[in-house]
Amino acid sequence: MSRPANQVLGSRLAAGSPPPASSAPQRGRRRVRARRGRYGYVFALPFLACFALLFVLPLGYALYRSLFKTQLVGGTVFAGLANYTQALTDGQFLAGVSRVALFFVMQVPLMLVLALVAALAIDSGLLRLARLTRLGIFIPYAVPGVVAALMWGYLYGPDFGPAAQLAAKLHVTAPDFLGRTLMLPSIANIVTWEFTGYNMIVLYAALRTVPRELYEAAAVDGAGPWRIAWRIKVPALRPALLLTLMFSVIGSFQLFTEPDLLQSVAPTVIGPSYTPNLYAYSLAFTSQEPDYAAAVSFLLGLVTVIISYAVLYGASRRSRR
Amino acid sequence: MTVLRRRSNLLTVAMLVFLLYSFFPLFWLFISSTKTTGDLFSTFGLWFGHRFALISNIRLALTYSHGEYLRWLLNTLIYSVTSAVGAACLATFSGYGFAKYTFAGRNALLAAVLGTIMVPVTALAIPTYFLFSKVGLVDTPWAVILPSLVSPFGFFLMWVYARDAVNDSIMDAARIDGAGEMAIFFRVSLRSLAPGFVTVVLFTLVATWNNYFLPLIMLSDSKYFPITVGLSVWESETAGGGGSNSALTSMVVTGAMLSVIPLIVAFIFLQRYWQSGLSAGAVKE
Amino acid sequence: MQIPEKRFTRRGMLALTGAAAAGLAIDACSSSSSSSGATATASGTVSQSEINKAMKTPTTLTFWTWVPDISKEVAVFERQYPAIKINVVNPGQGTPLYTKLRTALDAGKGTPDLSQIEYQYIPTFSILKGFVDLRPYGAAANAGKFVDWVWRQVTGPNGEIYAYPQDTGPMGMLYREDIFAKHRISVPATWDDFATAAHKLHAADSGTYLTNTADNEVAAWHGLMWQAGSRPYTVHGTTVGLALDDAASKKVANYWGGLVADGVISTDPDFTSNWYQGLDTGKYASWLTGAWGPAFLAGAIKSTAGKWRAAPLPQWNSGQQVAGNWGGSTNAVIKGTQYPIAAAKFAEFLNTNPTTTAMFNTQQSLFPSLKSLLSSASFSSYKSPFFGGQQANKLFAQISATVNVNWQWPPFLDQSITDWTATVGKALGSKSNVAAATTQWESQLASYAKAQGFHVTTS
């Protein structure tokens, strides 16, 4: 069942774009299509219902709470947008935001490039042990936080970590991974280690949908595997790449787990507001200020939305080239 | 015409380096679980200690406190598999619907879902607890499973995936043959969606397997704990715990290592579904 | 996402002692339970007949605790009162339990009948009215059984009794006898001696420090402030007096700040792999810790068995004997319980009965808070092999008697911990002015307290 390459390509490009406008005689067909289109609701309903119940409802309640102020003494009072204005002038919150923004710029491009290269490499058939590579790169994502904490606490250890011990043998000072200057790169390293595989899998699964006929057609035209990768695969991956980019924006700005697990080994470098998400957490659970925590969370959400749009806009501008 | 495929050594070496980087900390994990607690803190981390204690560590981890690790393992299995399959079904169903059908408010809904996940879930923990306690679900397995059924990332993944993986013309052909939309989904489209479905299963499996925060908040009774929470209970017992729990640190490490194994097995088992894409004559490794 | 386990509670505050497991004979008299014959003392109390009736009514109590294997002690109670069943639940150690307790109290649902609460968290929950006052259930009769300062910790400003003490952690100094001998250092009796020894040791061996003042260990720091006579928190209902930089506190800060600045004391965060290895390799020649320290060391750093000895903390004034406390827990009855009588009596039994309290010591290595147990022959005479045969119990029992009785905790301890780490801890780690950091600590905490509606007075 092989089709000519251009027809396949044509239908791929058409998928996901709305049906073209039709003239009067085709109104009947349009109605059928519209009715068929509404079938989408049926498919979408189960997920949306659960989503509404388990996400939107608690979020709504949290939003409601963010309009109040609870004190240990004095109970709860309505505060309107006071929590939000407080957060916007809160130095700890703002510092956290700039920190995760820096983190995003530093870590995400590197990780996505690595993931892309890995996915392409595995898909290309040029790799020995491709299956092992696929498994191996993904495995870090499967390591639970408790373990990662122990592990990285050791690996970054200033006295007994491998880098430190090696440096001692060579009579040089090892870099202070857990010190103030290197902390963000150290965290970036952990996140890259953890999530490159995750992103690679997403890209790889998307690569699997590219019809092989395209490659054969290109090979007939004399294109080598590298050319094929650049000209066919990467463009085909655009939606998946945008998806991983989106996830990475969200992941970066919501950074929590990795700084949290390093907090026990570097408690004075990673304070309770190192990242905005960590700040929301400590406000809720340490300082007993859940309403302010909710406001901080929503504000962070807003920042993330703005950045995502900026990134998406930038990405789509580039593609129009 | 057969295409001569030369393996690229450069690429292989580069990937090998990457592999080493990925495996390196896990190597540490394995080495550490062969050590006794005493050795853990006194020998070089990346090589074996004075005693090879892997078997005794494993035995200790599995039998400690009336085998509570095994109970935790069972819990984790139940939570993860249920959530993974459930989440993948929901995500696939709806991702497909959004990708292949045009309906009013589609884009608005997409934007709404995307916007919602931009709010960090830390804000959700206490409100969700409150809502669940109102309906008496707190301290039950449902408190962990239900929230995990909703995977917005899985949904978006399937949405992107379904757009490309399922051929519109094949769907139209089936319609001409008189098939209903549901029939088309189950008989025609699902096969193409398999790799994406498997991906979501895998991701949700891992995410729920390693979920710590949610079960910690929702569960009080340790008989419902998943491994993540259980291990951290052990870990906190090591620092200042009773003198009888001297080997706990090595147990934590061993327990953690053991808990990664099922995920590896799941991955190996599931990855063959990536082979079966819609590609005929696929490039084989 | 993970909830960081606050270092303060991580040591489990299960005060331990080198008297683990074998070799300890238990004093007999197991059947005479002190609780069943409880005499109703304070006015407005529950009558004895009501108590008897409650103890015979089939009841199930939910008990939150992280003490391992506590079912053994619980079984003793259940044998005595077969109508009452205890459902033991372990929701996690320290912070996870407190978080769940707080959320449940807030939601009004899901609270246990009883819970383990460490001393330092009592005000945090009493301000939320989370405890049932135990006075109507005959608690006051037990006052004399416990070491004085311990009883003070569980009583409220108007005489309320919030909980029954279980175990404690009076602070002492555990030191490496072999390292001291090698460098000819005698056991310092005063802090001045300690400072001299610190310089001497580090000069002789630059890889060794006399001790480690962890920059994350706010509990130990509080213990040292406690010893010095500081009174950082004074609480009267919703009025809180903060004196985090009082003279005693500044004295402690300047002392340690100086030693740290001189580079003779290290400030590594504790209970990390790095720190364990430091203990193992002899990087730290001593550890200032609670009475649970010996059992902890015996379990974690086996390779150093036999090399440690115990001594009291060095003193500020020669000839004095004063100590602070680090750790220990209580059992409290939680508001909302349907069975206050049964719960109160259970808590009383568990923590005053000779059998169960002795078991706490021998089975779980908890350091006692009961005077009778502390002075019992079997307890005192135990010779710890990890400590080269020293009678560590006896020493710590003596120390326990010297803990300063005047010490209060604030109703917002978690915030104080965070602020301490950001100010004093940071100053320790970066070798800057620690005394100034205590003032910062106070001002940060004061602004928090004011924002929370407390009336705050600062020194």
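Here the residue index of a chain counts from 1 through its sequence in written order. All chains are assigned letters beginning with A, and all ligands numbers beginning with 1, in the order in which they are written. Only residues with pLDDT of 70 or above have their local features reported here, since the model is predicted, and side-chain atom pairs are shown and tallied only from 80 upward, although totals for entire chains, interfaces and linings are computed over all residues. As a rule here, side-chain values come from all non-hydrogen atoms in the structure, and water together with hydrogens is ignored.

Trainee: How would you sum up the overall build of chain C? Please name residues and give values.
Mentor: Secondary structure elements are defined from DSSP: runs of H or I of at least 4 residues count as helices, runs of E of at least 2 residues count as strands, and each element is numbered from the N terminus. If you tally the helices and strands in chain C, you get 19 helices and 11 strands. In terms of overall size, chain C behaves like a compact globule, its C-alpha atoms giving a radius of gyration of 22 Å where 459 residues would be expected to give roughly 23 Å. Its C-alpha atoms put chain C at 70 × 55 × 45 Å along the principal axes. For chain C, with 459 residues in total, the buried portion stands at 65%. Whether two residues touch is decided by their heavy atoms; if any such pair falls within 4.5 Å, the residues are in contact. Counted over contacts in chain C with a minimum sequence separation of 6, partners at least 24 positions apart contribute 79%. Between the two quantities, the radius of gyration covers C-alpha atoms and the globule rule is 2.2 Å times the number of residues to the power 0.38. Accessibility here uses a 1.4 Å probe with only protein chains present; expressed as a share of the type maximum, an area under 20% marks a residue as buried, one over 50% as exposed, and anything in between as partly exposed.

Trainee: Outline the overall build of chain B, supporting the account with residue identities and numerical values.
Mentor: Summing up its helical and strand segments, chain B has 13 helices and 0 strands in all. Ordering the α and β elements of chain B from the N terminus gives α-α-α-α-α-α-α-α-α-α-α-α-α. Evaluated residue by residue, chain B yields a buried proportion of 61% over its 285 residues. All accessibility values rest on the Shrake-Rupley procedure with a 1.4 Å probe; residue burial counts only the protein chains present in the view. Split by element, the accessible area of chain B, about 11,000 Å² in all, is 69% carbon and sulfur.

Trainee: Before we move on, could you go through the interface of chain B and chain A and cite the residues and values that matter?
Mentor: Of the residues lining the interface, 104 residues belong to chain B; the matching set on chain A comes to 97 residues. Between chain B and chain A, a total of about 9,700 Å² is buried, with carbon and sulfur atoms accounting for 76% of that surface. Between Lys or Arg on one side and Asp or Glu on the other, a salt bridge is scored when a side-chain nitrogen of the former is within 4 Å of a carboxyl oxygen of the latter. Viewed at the interface, chain A and chain B are joined by 0 salt bridges. The term polar contact refers here to a pair of N or O atoms within 3.5 Å; inside protein, the definition further demands a hydrogen-donor-capable atom paired with an acceptor-capable atom, and it admits residues adjacent in sequence only when both atoms are side-chain atoms. Put simply, chain B and chain A have 7 residue pairs in polar contact (both at pLDDT 80 or more) between them. If one sorts the elements of the side of chain B that touches chain A by residue count, helix H1 (residues 9–33) of chain B sits on top with 15 residues. Note on terms: buried area is the combined drop in 1.4 Å-probe accessible area of two parts once they are placed together, counting the loss on both.

Trainee: Account for the sheet that holds strand E6 (residues 233–236) of chain C, with residues named and values stated.
Mentor: Residue and element names in this part refer to chain C. We treat two strands as partners when DSSP finds at least two bridges between them. The 3 strands are arranged E6-E7-E11 in an open sheet whose pairing can be described as mixed. For this open sheet the edge positions go to E6 and strand E11 (455–458), each flanked by a neighbour on one side alone. Between one strand and the next, the sheet's axes are offset by a mean angle of 15°, whatever the strand orientation. Pairing geometry for E6 and strand E7 (residues 239–242), over 4 bridges, is antiparallel. Within E7, the residue paired with valine 235 across the bridge is valine 240. Lying on the sheet, helix H19 (residues 434–451) is in contact with E6, E7 and E11; it crosses E11 at an angle near 160°. Only the contacting stretch of a helix is used when fitting its axis, a line to C-alpha atoms as for every element, and angles between N-to-C directions run 0 to 180 degrees.

Trainee: So what about helix H7 (residues 152–165) of chain B? Which residues, and what values?
Mentor: Structural remark: α-helix, 3.6 residues per turn; residues separated by three or four positions point the same way. For H7(B), built from 14 residues, the straight-helix expectation of 20 Å at 1.5 Å per residue is met to within 8% by its first-to-last C-alpha distance of 19 Å. A large share of H7(B) lies buried, amounting to 11 of its 14 residues. Of all the residues in H7(B), the buried ones are B:Pro152, B:Gly154, B:Phe155, B:Phe156, B:Leu157, B:Met158, B:Trp159, B:Val160, B:Tyr161, B:Ala162 and B:Ala165. Contacts from the buried residues of H7(B) go to helix H2 (27–65), helix H8 (183–207) and helix H11 (238–253) of chain A together with helix H3 (54–100), helix H4 (106–116) and helix H9 (181–209) of chain B. Under the convention used throughout, the expected extent of a helix is 1.5 Å for every residue step, that is, one less than its residue count.

Trainee: Talk me through the interface of chain C and chain A; I want residue IDs and the actual numbers.
Mentor: How big an interface is tends to be stated in terms of the accessible area lost upon association of its parts. If you look at the interface, chain C gives 34 residues, while chain A gives 28 residues. When the two sides are added together, the surface that chain C and chain A hide from each other amounts to roughly 2,700 Å², 56% of it contributed by carbon and sulfur. One can count 0 salt bridges joining chain C with chain A. Where chain C packs against chain A, one counts 5 residue pairs in polar contact (both at pLDDT 80 or more). Secondary-structure elements contributing two or more residues to the side of chain C that touches chain A are helix H4 (95–107), helix H11 (273–281), helix H18 (413–430) and H19 of chain C.

Trainee: Quick one: what's the story with the pattern of salt bridges, residue by residue and with numbers?
Mentor: Where side chains of opposite charge bring their charged atoms close, a pairing between them can arise. Residues and elements named next belong to chain C. In total, this model carries 15 salt bridges over all chains according to the counting rule given. A salt bridge links aspartate 178 to arginine 176, with the shortest nitrogen-to-oxygen separation between them at 2.9 Å. Linking arginine 309 and glutamate 177 is a salt bridge whose minimum nitrogen-to-oxygen distance equals 3.6 Å. One end of the pair, arginine 309, is in strand E9 (residues 308–312); the other, glutamate 177, is in helix H7 (residues 177–182), with 132 residues separating them in the sequence. The class for glutamate 177 is partly exposed, based on a relative accessible area of 33%.

Trainee: Requested: an account of the confidence of the model for chain C, with residues and values cited.
Mentor: The predictor rates its confidence in each residue with pLDDT, a number between 0 and 100. The share of residues in chain C with pLDDT of 70 or more is 90%, and the mean pLDDT across the chain is 87. For residues 1–42 of chain C, every residue scores under 50 in pLDDT, and the model assigns this stretch 168 contacts once sequence neighbours within four places are set aside.

Trainee: With reference to specific residues and values, describe a nonpolar patch on the surface.
Mentor: On the surface, a cluster of nonpolar side chains totalling about 620 Å² of accessible area is made up of B:Phe27, B:Phe30, B:Phe44, B:Trp47, B:Phe48 and B:Phe52. By the secondary structure assignment, B:Phe27 is in helix H1. Patch members must show over 30% relative accessible area and no salt bridge, and they are joined within 9 Å when carrying like charges or within 5 Å when they are nonpolar side chains of Val, Leu, Ile, Met, Phe, Trp or Tyr.

Trainee: Outline the packing of helix H5 (residues 130–142) of chain A against H8(A), listing residues and values.
Mentor: Residues and elements named next belong to chain A. Their axes nearest at 6 Å, the elements H5 and H8 cross at an angle of 125°. Taken together, the axes of H5 and H8 lie oblique to each other. The element H5 and its partner H8 pack so that their crossing is left-handed. On the side of H5, the interface is formed by Arg134, Ile137, Phe138, Pro140 and Tyr141, while H8 contributes Trp193, Glu194, Phe195, Thr196, Gly197, Tyr198, Met200, Ile201 and Tyr204. Any residue outside Ala, Val, Leu, Ile, Met, Phe, Trp, Tyr, Cys, Pro, Asp, Glu, Lys and Arg is labelled polar, Gly included; the first ten of those are nonpolar and the last four are charged. When the residues that make up the contact of H5 with H8 are grouped by side-chain class, the tally is 10 nonpolar, 2 polar and 2 charged. Oblique is the label for every angle not falling under 35 degrees (roughly parallel), over 145 degrees (roughly antiparallel), or within 65 to 115 degrees (roughly perpendicular). Whether a crossing is left-handed or right-handed is set by the direction in which the near helix is turned from the far one by less than a right angle, anticlockwise for left-handed and clockwise for right-handed.

Trainee: An account of helix H10 (residues 247–261) of chain C is needed here, citing residue identities and associated values.
Mentor: Residues and elements named next belong to chain C. A rise of 1.5 Å per residue sets the reference length of H10, with its 15 residues, at 21 Å; its end C-alpha atoms lie 20 Å apart and thus fit the reference within 8%. The inward-facing, buried residues of H10 contact helix H8 (191–204), helix H9 (218–228), strand E8 (286–289), H18 and H19. Glycine 263 sits one or two positions beyond H10 and adopts a positive phi of about 80°.

Trainee: With reference to specific residues and values, describe the confidence of the model for chain B.
Mentor: Residue and element names in this part refer to chain B. Residues at a pLDDT of 70 or more form 90% of chain B, whose mean pLDDT is 82. Low pLDDT, under 50, characterises residues 240–246; the stretch is placed with 20 contacts to residues that sit more than four places away or in other chains. Under a pLDDT of 50 for its full length, residues 276–285 has, in the predicted model, 23 contacts with residues more than four places off or in other chains.

Trainee: Account for the pairing of strand E10 (residues 329–333) of chain C, with residues named and values stated.
Mentor: Residues and elements named next belong to chain C. Most of E10 sits out of view: 5 of its 5 residues are buried. Here E10 shows two buried faces, one formed by Ser329, Asn331 and Val333 and the other by Thr330 and Ala332. Note: strand E3 (residues 114–118) against E10, 5 bridges, orientation antiparallel. Directly across from isoleucine 117, in E10, lies its bridge partner threonine 330. The sheet contact formed by strand E4 (residues 163–165) and E10 spans 3 bridges and is antiparallel. By the bridge assignment for E10, proline 165 is matched with threonine 330.

Trainee: Outline the sheet that holds strand E2 (residues 84–89) of chain C, listing residues and values.
Mentor: Within a sheet, each strand pairs with its neighbour through backbone hydrogen bonds, oriented either parallel or antiparallel. All names here are of chain C. Taking strand neighbours across the sheet as the criterion, the 5 strands line up as E2-E1-E3-E10-E4 in an open arrangement whose pairing is mixed. Sheet topology places E2 and E4 at the edges, where each strand pairs with a single neighbour. When the angles between neighbouring strand axes are averaged without regard to direction, this sheet yields 25°. Strands strand E1 (59–64) and E3 of the sheet are contacted by H4, whose axis makes an angle of about 130° with E3.

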